[in-house]
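# A structural walkthrough
So you can see what is in the structure, the chains are spelled out below.
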Amino acid sequence: MKLVKTTLLSLFLVTAMYAQENVNYQKPSQEILQLADFERAPSISIDSKMEYMLLSYRSTYKTLDDLNLEEMRLGGLRIDANTNISSTVTYINNLKVRKIKDKQEVQVKGLPANPRIANLLMSPDESKIAFTHTTTSGVELWVLDIASAQATKLTDANLNANLGSPITWYRDNSKILVKIIPANRSALIDTKKNLPTGPIVSVSETGTVSQNRTYQDLLKNKTDETNFETLVTSELYTVDLKGNKKLLKESGMYAGESFSPDGNYLMVTTLEKPFSYIVPLNRFPMKTVVYDNSGKLVKEVNNIALNETMPKGFMAVREGKRSMGWRNDVASSIYYVEALDNGDPAKKVEYRDEFFTWDAPFNEAPKSIVKLTQRFSGITWGNETTAIIADQWYDTRNFRQFIINPSKYNDAPVKIEDRNSQDVYSDPGTFETKKNQYGRYVLAMNNNNNNKAYLIGDGFTAKGQFPFIDEFDLTTLKTKRLYQSKYTNKKETIQSIEDLKKGLVLVSIQSSSDYPNYYFRNINKKDDVKAITSFKNPFESLKGVHKEVIKYKREDGLELSGTLYLPAGYDLKAKKEKLPLLIWAYPAEYKDKNSAAQVTSNPNEFTFPYYGSFVYWVTKGYAVLDDAAFPIVGEGTEEPNDTYVQQLVANGKAAIDAVDALGYIDRTKVGVGGHSYGAFMTANLLTHSNLFAVGIARSGAYNRTLTPFGFQTEQRNYWEVPQVYNTMSPFMNADKMKTPMLLVHGEADNNPGTFTLQTERYFQALKGLGAPVRMVILPKESHGYVAKENILHLLWEQDQFLEKHLKNKK
């Protein structure tokens, strides 16, 4: 009897030791809480006439109640079935209007009580803004008259926003095309009560090869199919500004609607059947039809089959017409691209893609405009004789731009850019655009002979960041610098060129302690800068913090960098106190060392602490190396991941060595953390090195055999390189992990590959092997965390873990 009691007592103790903790939501220490619990500044948008500014306000965080929805996960979507809008929407809760020349904002009148505003869309003439308001039962259409700052409700709560924005302006500014739920819509099937009539059967045909990623929220059965079709089916109505509505098109699974620039044609894309259980809705069959603006059929311009099989590689595309849209520069012509290699990047061909235009009413055949030797990457329209087209190839990181004449075939497009897309120091900038007579954005060209365009560049250099504006001669292909920022103690971002003739430019200016604000700069006059906004710094407690970008070298000579923070008041000369160090990072893959070594951090960027970094802890006596460079390089035929672990450890050692050499830290007290792929990095660093005393890994994937057809930038599948997948998988090496680690994951992660199961199974492995690990699953959260209760508790968890295992480590 005594033996039984002892055994039961031992069992009780073991159970208690491994049981879950019953922890209620906590808040972090005051130093962190005062930074985390702040009021977010509004977002602003300015009309192209520089007359009015719209200020949009939203809460700093969502609440747990906001996430507690009757959510349906179908076809890659997450839908609030009660209101017929995505459950992931972040709502605006207030709107204000301000004349640019005035200083005072005007509160918009007539807004609904407790506004939940989304899908803001300015009318073509920029006099009004349509938007949706989500009630407890559905989505309403509202319109804001900007000049009077008056909002008006136009419809009942019957809009269908399950596939995105349900509203499109007519060109005449007096009507809006709206997706509305059919009045006779069937009730959704209760998946818990509805019994299946048979098993789920999927089939793979011999010889059909496809490499699909591990998508989340897919359809699983016939009930899902029925509910999906019910939720995405709409009718198209025309609604005028008095709320009168008229049916334009009967029920369909409308996935996209757009008017031609002249407003005479409407292009509509619908989802079709059959659906799929292995790919999301963007690879379902689709049909694109053009109607006139009264709803009369003009032409079916595209019909896409179900796309479940794709060749291997990031440059793989489906066959048939793709990237279809209206040209911005002419009245009514569409463009599209077709692959010339069957979408297979492994095929050896002279040309990869062919670019076409097709004029309405589509009585004549489409016109071939240009053939590209790489994959089409985008186009910037200018006018009937000028456009800029781009192509790219991921494997070489090559990016090119060409000048073409979009009105004829271009057998020799004029190349104006040819570079490594990751080489930021050589980036010539992005072409500036402006609205044309159709209200569409096209190349901003000088008004004389249209032979000058304008480039706005980020201005990254080895000596720092100096944004610029260049004039680009479309004939001689030469550039002339019109302006370059000279700030060394501030960061200037060029937003847009507002008036070429006057030299008026919209910029934002910030410093490490000055919140980003907007200004008009006259580049024709020295130091002519006029403030538009005056947002205050909500993080005053960070003002005395030391911040600098440090540069250092990896043992193989590769140059690295990171942003170093030291506590306010720390004696940089005496360095008597040796601080614990926290490193936050996210690995990036490169094909050459030159690009990997380039610095894109700016010490003058405003210090904005958020849950995605360790910056909060500088207020608690830690040194923080934020956004530390963790490049993984594979040059020539070598792929970056062939030496992933070795390079990862070398990056970590170089970062610690660099800060230690400055004399600031106790190198026995270094922690590392990351989110998503950064969590994967963290687990590998703790597994394959003894550099760190603690790690925090959030929402990561730790077993790469569960993502067998590629992950991150890895294009090879598991069966091609099993040693790479196994070596990189912390789960496969769980027996080597002996360092305290905090694992965190959202309960409802929707990111491909980072299923919550990844963290749960990794924790079970570590726990079973006796590793010091703690797992926290945040209720209702997806891949990024949004609820205030969860974020504050996360910060508390991290703080407690760091205090115990790092700062006060014996």
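Please read all numbers here as calculations on a predicted model, not as lab measurements.

### Digging into the pairing of strand β2 (residues 52–57)
- Counted residue by residue, β2 has six buried out of six residues, so it is predominantly covered.
- In this sheet, β2 lies alongside strand β1 (residues 43–46) in antiparallel orientation, the contact comprising four bridges. Following the sheet pairing, Ile 44 is matched in β2 by Leu 55.
- The turn joining β1 and β2, which pair antiparallel and follow one another in sequence, is formed by five residues; a positive phi near 55 degrees is taken by Met 50.
- When β2 meets strand β6 (residues 94–99), the two strands line up antiparallel, connected through six bridges. Counted as the bridge partner of Leu 54 is Val 97 from β6.

### A closer look at the confidence of the model for the protein chain
- When pLDDT is averaged along the protein chain, the result is 94, and 97% of the positions lie at 70 or above.
- Per-residue pLDDT stays below 50 along residues 1–18; that stretch engages in one contact with residues further than four places along the chain or on separate chains.

### Remarks on unusual backbone geometry
- Going from Lys 273 to Pro 274, the amide bond is cis rather than trans, its omega being 5 degrees.
- Along the chain, Pro 274 turns up in the loop between β17 (265–271) and β18 (286–292).
- Following Ala 360, the chain continues into Pro 361 via a peptide bond in cis, with omega recorded as 10 degrees.
- By secondary structure assignment, the location of Pro 361 is in the loop between β22 (353–359) and β23 (367–372).

### Quick look at the sheet that holds β17
- The strand order β16-β17-β18-β19 describes an open sheet built from four strands, whose pairing is antiparallel. Two strands close off the open sheet at either side, each with one partner strand: β16 (254–259) and β19 (297–304). For this sheet, the mean angle separating the axes of adjacent strands, direction not counted, is 15 degrees.
- Relative to β17, β16 runs antiparallel, the two being bridged by five bridges. In the sheet register, Gly 256 faces β17, and the bridge partner there is Thr 269.

### A look at the packing of aromatic side chains
- Throughout the structure, instances matching the rule amount to 38 aromatic pairs.
- Ring centres of Tyr 170 and Phe 259 lie 4.5 Å apart, and the angle between their planes is 45 degrees; on these two criteria the pair is classed as tilted. On the criterion of sequence distance, the pair formed by Tyr 170 in the loop between β12 (167–169) and β13 (175–180) and Phe 259 in strand β16 is long-range, its members being 89 residues apart.
- Considering the side-chain rings of Phe 614 and Trp 617, the 6.0 Å spacing of their centres and the 90 degrees angle between planes classify their relative orientation as edge-to-face. Assigned by exposure class, Phe 614 and Trp 617 land together as buried.
- Counting every residue linked through ring pairs, the aromatic cluster contains Tyr 586, Tyr 644, Tyr 677, Phe 680, Phe 709, Phe 711, Tyr 718, Trp 719 and Tyr 725.
- Above the plane of the ring of Tyr 170 lies Lys 175, whose end atom (NZ or CZ) is 5.0 Å from the centre.
- Of note, Arg 704 hangs over the ring of Phe 680, and the distance from its end group to the ring centre comes to 4.5 Å.

### Things to note about the side chain of Glu 781
- With respect to the element layout, Glu 781 can be found in the loop between β49 (773–778) and α10 (788–807).
- Put simply, Glu 781 is tucked away with no salt bridge, and the nearest opposite charge, on Lys 62, sits 8.2 Å away.
- At a separation of 2.9 Å, a polar atom in the side chain of Glu 781 contacts the main-chain amide nitrogen of Ala 787.
- With sequence-adjacent residues up to four places away left out, Glu 781 is seen in contact with Leu 67, Gly 746, Glu 747, Ala 748, Asp 749, Val 786, Ala 787 and Asn 790.

### A look at the environment of Gln 647
- Examined against the element boundaries, Gln 647 turns out to sit in helix α6 (residues 644–661).
- Under the relative-accessibility criterion, Gln 647 is labelled buried at 7%.
- Sequence separation of Gln 647 and Tyr 565 is 82 residues, and the distance between their C-alpha atoms is 25 Å.
- For Gln 647, the contacting residues outside a window of four places in its chain are Arg 554, Pro 631, Ile 632, Val 633 and Pro 640.
- Within the structure, the side chain of Gln 647 is placed 3.1 Å from the side chain of Arg 554, a separation counted as a polar contact.

About the criteria used
Residues numbered from 1 in each chain as written. Predicted model: local features only at pLDDT ≥ 70, side-chain atom pairs only at ≥ 80, totals over all residues. Heavy atoms only, no water. Buried < 20%, exposed > 50% of the residue type's maximum accessible area, 1.4 Å probe, protein only. Helix = DSSP H or I, 4+ residues; strand = E, 2+ residues; numbered from the N terminus. Pairing = 2+ DSSP bridges. pLDDT = per-residue confidence, 0-100. Contact = heavy atoms within 4.5 Å. Axes fitted to C-alpha atoms, helices over the stretch in contact; angles between N-to-C directions. Phe/Tyr/Trp six-rings, centres within 6.5 Å; stacked < 30°, edge-to-face > 60°. Lys NZ or Arg CZ within 6 Å of the ring centre and 35° of its normal. Lys, Arg positive; Asp, Glu negative; His and termini not counted. Salt bridge = Lys/Arg side-chain N within 4 Å of Asp/Glu carboxyl O. Polar contact = N/O pair within 3.5 Å; in protein donor to acceptor, adjacent residues only side chain to side chain.

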